[in-house]
Protein chains: 2
Amino acid sequence: MPAGNPFPEEPSDTQTAIMKATFDALVAYGYAGLTIDRIGEFFPKSKSLLYHHYEGKDDLLLDFLERLIESREAEFSPREDVDARTRLERLLEGIAASEMSDADRGFSRALVELRAQAAHDEDYREHFTRSDQFFREWIADIVRDGIEDGVFREVDPEQVAATIHVLAGGILTERVTSDDPQVEAVRAELDAYVQARLLAE
Amino acid sequence: MPAGNPFPEEPSDTQTAIMKATFDALVAYGYAGLTIDRIGEFFPKSKSLLYHHYEGKDDLLLDFLERLIESREAEFSPREDVDARTRLERLLEGIAASEMSDADRGFSRALVELRAQAAHDEDYREHFTRSDQFFREWIADIVRDGIEDGVFREVDPEQVAATIHVLAGGILTERVTSDDPQVEAVRAELDAYVQARLLAE
């Protein structure tokens, strides 16, 4: 669940410009403080276009999340030229990076708030269900490749993926909702886990 | 971060009655739908008492969370008569139980929403920072005892605790924000982790 901005600085079409404006507004105001008007502050064209396209803030945000997955899908297509061990390493680095840019932090805050909407909103829950499934499958793929290549043990790829995925969500949340997140400790333990449980002797 | 109701069915004093009413209202309405009036629905005395004691919903909820930790502290004091392996087992069972009562699910939903408030609200963040520290210390204690007794390896207790704690938060969130939470898979992998990383040969 990487937090980086997948939208280009200079969007070439209206839809992408709306998505970029939504991302910027989420970073600036979070979910709670977000309004279509505030998204308009980051949108170079007329605000009326936003009201024309969407019924309200949640309608827009669900479309935004949808496009976010699509862009991740394109980004995370299996890269046959990179070995499983390196892909796992990059994944863990992404999940538990020691530093975080202001934009990443701002967007992570918004992601945690958006996810919390799913506790009571079926549309958000549907989105996060699919999003989780995608990211789990992506992690399971790495584990499967590593087993095939003989660098990982014969573990259950789905089981390992489910665990790393849940951990990633936990770190993201702790990071933006605690003043004392233990990201480095978790990262070190993740390395120990990979060593003790995943890496073939 | 267990989700069970720590308040007695028949509270003997006003403060405890307020806490129980808040718990029941959170289960019924979640954070987003909560109002002091709705807490009043579960409060046997006059609603004006609620308005007298608290400035608003968040003021009341922060007090509620504070008392929740206090009751957990009392509950989780080290039990010298139970060995570390059993305490770890109970902990993992609590974190990743396969079944969840309706009340636990309702309260877990509210907890995820309350935690998300901490992304933008310093008072909530302060609470969850302390709450996290308490639960981590509690887990680290189990690990420390297990090492002392020779049933666990010489791992870093804080590091293991930080990881199990983050995982617990991730499971709680996935459980109430996805229609396809992988709790059983994570539980099985947790057992494998304990085997591969914690248990002494």
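Residues numbered from 1 in each chain as written. Chains lettered and ligands numbered in written order. Predicted model: local features only at pLDDT ≥ 70, side-chain atom pairs only at ≥ 80, totals over all residues. Heavy atoms only, no water.

Bringing the relation of the copies chain A and chain B into the picture now. Structural alignment of chain A on chain B gives an RMSD of 0.0 Å, achieved by rotating through 180° and translating 0.0 Å along the axis. These values place the two chain copies in the arrangement generated by a two-fold rotation axis. Across chain A, the smallest distance between a C-alpha and the rotation axis is recorded for A:Gly170, namely 2.0 Å. The share of interface residues of chain A whose copies in chain B are also at the interface is 100%, consistent with both copies meeting through the same surface. (Least-squares fit on C-alpha atoms with pLDDT ≥ 70 in both. Contact = heavy atoms within 4.5 Å.)

Enumeration according to the criterion identifies 34 salt bridges over all chains in this entry. Note that B:Asp132 is salt-bridged to B:Arg115, the shortest N-O span being 2.7 Å. Highlighted residues: B:Asp132 in helix 7 (residues 122–148) and B:Arg115 in helix 6 (residues 102–117), separated in sequence by 17 residues. According to the relative accessible area criterion, B:Asp132 is buried, its value standing at 0%. A single salt-bridge network, built from bridges that share partners, covers A:Glu89, A:Glu93, A:Arg187 and A:Asp191. (Salt bridge = Lys/Arg side-chain N within 4 Å of Asp/Glu carboxyl O. Helix = DSSP H or I, 4+ residues; strand = E, 2+ residues; numbered from the N terminus. Buried < 20%, exposed > 50% of the residue type's maximum accessible area, 1.4 Å probe, protein only.)

If you look at the interface, chain A gives 42 residues, while chain B gives 42 residues. Of the roughly 3,700 Å² buried between chain A and chain B, counting both surfaces, carbon and sulfur atoms make up 58%. Summed over the shared surface of chain A and chain B, the result is 8 salt bridges. On the surface where chain A and chain B come into contact, there are 24 residue pairs in polar contact (both at pLDDT 80 or more). Looking at the side of chain A that touches chain B, the elements that each hand over two or more residues are helix 6 (102–117), helix 7 (122–148), helix 8 (157–177) and helix 9 (183–198) of chain A. (Buried area = accessible area lost by both parts, 1.4 Å probe. Polar contact = N/O pair within 3.5 Å; in protein donor to acceptor, adjacent residues only side chain to side chain.)

What follows is about the environment of A:Ala119. For A:Ala119, the location among the structural elements is in the loop between helix 6 and helix 7. Owing to a relative accessible area of 2%, A:Ala119 belongs among the buried residues under this scheme. If sequence neighbours within four positions are ignored, A:Ala119 has contacts with A:Arg125, B:Arg109, B:Glu113, B:Val176 and B:Thr177.

Turning to the environment of B:Ile69, a few remarks are in order. Residues and elements named next belong to chain B. Inspection of the secondary structure assignment puts Ile69 in helix 4 (residues 57–75). Overall, the relative accessible area of 7% leaves Ile69 in the buried class. Placed 117 residues apart in sequence, Ile69 and Val186 show a C-alpha to C-alpha distance of 26 Å.

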